[in-house]
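This is what each chain is made of:
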Amino acid sequence: MISGFDTALSEVTLVLFTTLAPSGAVALVLVAAVLLLSKFESAMRARISTFMCIPLVVTMVGLVASATHLGNPANALYVFLHVGSSSLSNEVVSAVGLLACSGLYWLYSFSVKPLVWLQRLLLALIAAMGVVFVTMVSLAYSVDTIVTWSLPTVPISLWLNALTGGPLLAAITLYAAQWRALAGRFGLMLMAAPFVALAANTVVYIVQGMQLGGVANSVVAAADLVPHYRTMLLVFALMCFAGCVLAAFTMHAVSREAVARDGGELALSKRVLARLLVSCLLVFAGIFVMRFAFYMMHLTVGLAV
């Protein structure tokens, strides 16, 4: 039986990219929104801005991994020549824009007397570019000649992946900065969002699995390329659910401690930070499994797989 395992293995850097970068972008959007819409003392604003490097690094790791797919780094220059006409070019340009705005904001946050209007402008650009970037990544795989990548479930699932991992990464960032509001209603919403996104994504992946049964070319059926699709989906759901539950219980404990302290900043605990990190890694591992399955699904309309 023909399997798409070798195809996915050869594209493992893109699997890593589509696992990490969209979640990192959503986390950047959330942290930027917090900085834009909330009132802080200068010390707290500076601390959140400093720890914004966490989602920034995660996004950069994903993008660096994807750059290896270009073979020769000089090929990246040609990508910029087709902005607007090429989905790949749109993806790369939006990625560069997001990293540029985020990097500039992070560096500028160390200024002794930063201009408030400039910080707010950069934060607004980060939020906008983050949304554009995830959208461009989700649409980059809509190729007419690859029938299994043109399914409507593909962009939806990528966005839902980002909405599952992004809030957890944002929670790590805000907890590391010891933002007290994280222990309140905002933290509750931040923990609820991944559960909703995960439930929706599981349904989307089930529908996608059903669609694979009716897709084939003259060589092989799409379902044969991913013979363990159901098992991979189960692993995805269990790992992501475990990560979300661990994060929710951890943040519940943080909230109880914050209430007991009755005011002041959150008490930073290495144990809590470690649990949040583990929850994020579990979710990323689950997302990685289904992104791997996505590249296994590669099926062209011609005679090749």
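Residues numbered from 1 in each chain as written. Predicted model: local features only at pLDDT ≥ 70, side-chain atom pairs only at ≥ 80, totals over all residues. Heavy atoms only, no water.

S.K.: Would you mind going over the overall build of the protein chain with me for this structure?
M.R.: Along the backbone of the protein chain there are 12 helices and 0 strands. What you see in the protein chain, going N to C, is helices and strands ordered as α-α-α-α-α-α-α-α-α-α-α-α. The C-alpha radius of gyration of the protein chain comes to 20 Å, within 12% of the 19 Å expected for a compact globule of 305 residues. A principal-axis box enclosing the C-alpha atoms of the protein chain has dimensions of 65 × 45 × 25 Å. Counting across all 305 residues of the protein chain, residues that qualify as buried make up 47%. Of the accessible surface of the protein chain, which amounts to about 14100 Å², a share of 72% is contributed by carbon and sulfur atoms. On the protein chain, the mean spot of the 14 positive side-chain charges and the mean spot of the 9 negative ones are 16 Å from each other. (Helix = DSSP H or I, 4+ residues; strand = E, 2+ residues; numbered from the N terminus. Rg over C-alpha atoms; globule rule 2.2 N^0.38 Å. Buried < 20%, exposed > 50% of the residue type's maximum accessible area, 1.4 Å probe, protein only. Areas by Shrake-Rupley, 256 points an atom, 1.4 Å probe, with all protein chains shown as cover. Lys, Arg positive; Asp, Glu negative; His and termini not counted. Charge placed at Lys NZ, Arg CZ, Asp CG, Glu CD.)

S.K.: Can you walk me through a nonpolar patch on the surface in this structure?
M.R.: A cluster of nonpolar side chains, contributed by Leu 115, Trp 117, Leu 121 and Leu 125, occupies part of the molecular surface with about 400 Å² of accessible area. Relative to the helices and strands, Leu 121 resides in helix H7 (residues 116-139). (Patch = residues over 30% accessible without salt bridge, like charges linked within 9 Å, V, L, I, M, F, W, Y side chains within 5 Å. Salt bridge = Lys/Arg side-chain N within 4 Å of Asp/Glu carboxyl O.)

S.K.: Could you clarify how one ought to interpret the packing of helix H2 (residues 12-37) against helix H4 (residues 53-67) in this entry?
M.R.: To characterise two packed helices, one gives the angle between the axes of the helices and the distance between these axes. Running from N to C, H2 and H4 point in directions that differ by 155°, and their axes come no closer than 7 Å. Looking at the two axes, H2 sits roughly antiparallel to H4. Seen along the crossing, H2 lies across H4 with a hand that is left-handed. Where H2 approaches H4, its residues Thr 13, Leu 14, Leu 16, Phe 17, Leu 20, Ala 21, Gly 24, Ala 25, Ala 27 and Leu 28 are matched on the opposing element by Pro 55, Leu 56, Val 58, Thr 59, Val 61, Gly 62, Leu 63, Ala 65 and Ser 66. (Axes fitted to C-alpha atoms, helices over the stretch in contact; angles between N-to-C directions. Parallel < 35°, antiparallel > 145°, perpendicular 65-115°, else oblique. Left-handed = near helix turned anticlockwise from the far one by under 90°. Contact = heavy atoms within 4.5 Å.)

S.K.: Any chance you could explain the side chain of Thr 250 here in plain terms?
M.R.: You can see Thr 250 is positioned in helix H11 (residues 229-261). Judged by relative accessible area, which is 3%, Thr 250 ranks as buried. In this view, Thr 250 contacts Val 272, Arg 275 and Leu 276; residues no more than four positions away in its chain are not counted.

S.K.: Explain the nonpolar core to me, please; I cannot follow it from the model alone.
M.R.: One broad rule of soluble globular proteins: the nonpolar side chains tend to lie buried together. Among the nonpolar cores identified, the biggest contains 87 residues, and Ile 48, Met 52, Ile 126, Phe 133 and Tyr 141 are the most heavily contacted of them. Looking at this core, the element that brings in the most residues is H2, giving 14 residues. Apart from the residues lying within four places of it in its own chain, the contact partners of Tyr 141 are Phe 17, Thr 18, Trp 149, Ser 150, Val 154, Arg 291, Phe 294 and Tyr 295. (Core = buried A, V, L, I, M, F, W, Y, C linked by side-chain atoms within 4.5 Å.)

S.K.: For this particular structure, what's the right way to read the layout of surface pockets?
M.R.: One water molecule sets the probe size; rolling that probe over the atoms shows where empty space is left. The calculated volume of the second largest pocket comes to roughly 190 Å³. Forming the boundary of the second largest pocket are Tyr 205, Ile 206, Gly 209, Met 210, Leu 212, Gly 213, Ala 223, Val 226, Pro 227, Tyr 229, Arg 230 and Leu 233. Counting residues per element, the lining of the second largest pocket draws most heavily on helix H9 (residues 185-212), which supplies 5 residues. Here the residues of the lining of the second largest pocket are counted per class, giving 9 nonpolar, 2 polar and 1 charged. (1 Å grid on protein atoms, 1.4 Å probe; cavity = no way out; pocket = protein on both sides within 12 Å on 5 of 7 lines; lining within 4 Å. Points joined across faces, edges and corners; volume = space filled by probe spheres on them. Nonpolar A, V, L, I, M, F, W, Y, C, P; charged D, E, K, R; others polar.)

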